[in-house]
Amino acid sequence: MVPLWWHISLAVVLFVIGAAGVLLRRNILVVLMSLELLLNSVNINFIAFGRYYADFRGQIFAIFVIAITAAEVAVALGILVALVRNKSTLKVDDVTVMKG
Amino acid sequence: MDQGFFLLFATVAVITALTVVLARNPVHSALALMACFLQISAVFVLLEAPLLAVVQIFVYVGAIMVLFLFVIMMIDVREAVLQRFLPGGNLPALVLLVLLGAEMLVLVLSSDRFSATEPIAMREGDQIRQLSTTLFADYLLPFEAASVILLAALVGAIVLARKEPE
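Since the structure is predicted, the reported quantities are computational estimates derived from the model, not experimental observations.

> Even after reading the chapter, I still don't get the UniProt feature "transmembrane region" (unreviewed entry) in chain B, so can you show me in this structure?
All names here are of chain B. The UniProt feature table records "transmembrane region" (unreviewed entry) at residues 6-23, 30-47, 53-77, 89-109 and 139-161. Measuring from the first to the last C-alpha atom of residues 30-47 gives 26 Å, for a span that is 94% helix and 0% strand. Here residues 53-77 is 88% helix and 0% strand, with 32 Å between the C-alpha atoms at its ends.

In structure tokens, the structure reads:
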């Protein structure tokens, strides 16, 4: 069998790559895709721990994560379409309407 | 056997994930993300979670990626393709990421809590039946809350993407 830490290491690597996409890219579409990558690496952790400790709750939480991700993507892409219609930009830096 | 398959899937997943972040064209990013999700669902099969693997393919590759490609086709990405992406553009964030990754890897590798090689044996019987019994008996309230959230997201997406009436 595959040792547990292999799965966790894969999840760590995917998480760091996704975080790099969120922090370093300036294109909103790629930032959204990197968010998907982050959530997926968390799912790998959930399912790996659930498998190695013989607990179904890992899989159940992964199902909830997938459902919430679907909702998030639908809303985010709706916001993106409305944004492009109003401002015609895809750069994160140009979106400063809600100046933080 | 399992280890070889895992290494194959993990390598392809990491390479495609890097492609997602480094590709200049968002369409290439979306296709690489689709390949990455397929590899992750293969990892789920190795973890003996076949239901999750199928859900992963249906939801991510089937629904979310189609949504992404649809939106990419709807909006003009030619300007985005032209702008160059330099990984060293944001040095503090890069340093922070390297630190984060190194810290997590060192913690995982130096701890012996994660060294389990043989999983605890699952209870006998139909795995998916037990999984769904747990989901619909113990986690019914979160399940309903998730469905309400999905409905709210559906309505919200329609309202947001609708053209303003003149």
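> I'm lost on unusual backbone geometry in this one. Help?
Excluding glycine, a negative phi dihedral is what most residues carry, and trans is how most peptide bonds are arranged. Not every positive phi belongs to a glycine, and A54 of chain A is a case in point at roughly 50 degrees. Examined against the element boundaries, A54 of chain A turns out to sit in the loop between α2 (28-52) and α3 (57-87). A positive phi angle is found at E48 of chain B, which is not glycine, with a value near 60 degrees. You can see E48 of chain B is positioned in the loop between α2 (26-46) and α3 (50-74).

> Looking at this structure, how should I read the side chain of S34 of chain A?
Along the chain, S34 of chain A turns up in helix α2. Discounting chain neighbours no more than four positions away, the residues touching S34 of chain A are G18, G21 and V22 of chain A together with V21 of chain B.

> Hey, could you run me through the domain arrangement of chain B in this one?
In many analyses, interface size is given as the accessible surface area lost on bringing the parts together. In terms of domain boundaries, chain B breaks down into domain 1 (1-78) and domain 2 (126-165). For domain 1 of chain B versus domain 2 of chain B, the separation of C-alpha centres amounts to 22 Å.

> Teacher, can you tell me more about the pattern of salt bridges here?
Applying the stated criterion across every chain yields a total of 2 salt bridges over all chains. Linking R51 of chain A and E48 of chain B is a salt bridge whose minimum nitrogen-to-oxygen distance equals 3.2 Å. Residue R51 of chain A is located in helix α2, and its partner E48 of chain B is located in the loop between α2 and α3; the two belong to separate chains.

> Help me understand the interface of chain A and chain B, please; the structure alone is not making it clear to me.
Chain A puts 68 residues into the contact, and the matching count from chain B is 84 residues. Taken over both partners, the interface formed by chain A and chain B buries close to 7200 Å², and the fraction arising from carbon and sulfur atoms is 80%. The tally of links from chain A across to chain B stands at 1 salt bridge. Between chain A and chain B we count 6 residue pairs in polar contact (both at pLDDT 80 or more) in total.

> Whenever I open this one, the nonpolar core confuses me. Can you help?
What tends to happen in soluble globular proteins is that the nonpolar side chains get buried as a cluster. In this structure, L29, L77 and L80 of chain A together with F6, L52, F68 and I75 of chain B are the most contacted members of the largest nonpolar core, which totals 69 residues. Elements supplying a minimum of two residues to this core: α1 (4-24), α2 and α3 of chain A together with α1 (2-22), α2, α3 and α6 (127-137) of chain B. Looking at which element gives the most residues to this core, the answer is α3 of chain A, with 12 residues. Residue-level mapping places this core at the junction of two domains, with at least three residues from each of domain 1 (1-78) and domain 2 (126-165) of chain B. Those residues in contact with I75 of chain B, other than ones at most four positions away along the chain, are L29, L80, V84 and L90 of chain A. The next biggest cluster of nonpolar side chains, apart from the first, holds 6 residues, and it includes A19, A20 and L38 of chain A together with A93 of chain B.

Calculation rules
Residues numbered from 1 in each chain as written. Chains lettered and ligands numbered in written order. Predicted model: local features only at pLDDT ≥ 70, side-chain atom pairs only at ≥ 80, totals over all residues. Heavy atoms only, no water. UniProt positions renumbered as here; feature names shortened; annotations may be inferred. Helix = DSSP H or I, 4+ residues; strand = E, 2+ residues; numbered from the N terminus. Contact = heavy atoms within 4.5 Å. Domains from an automatic or database assignment. Salt bridge = Lys/Arg side-chain N within 4 Å of Asp/Glu carboxyl O. Buried area = accessible area lost by both parts, 1.4 Å probe. Polar contact = N/O pair within 3.5 Å; in protein donor to acceptor, adjacent residues only side chain to side chain. Core = buried A, V, L, I, M, F, W, Y, C linked by side-chain atoms within 4.5 Å. Buried < 20%, exposed > 50% of the residue type's maximum accessible area, 1.4 Å probe, protein only.

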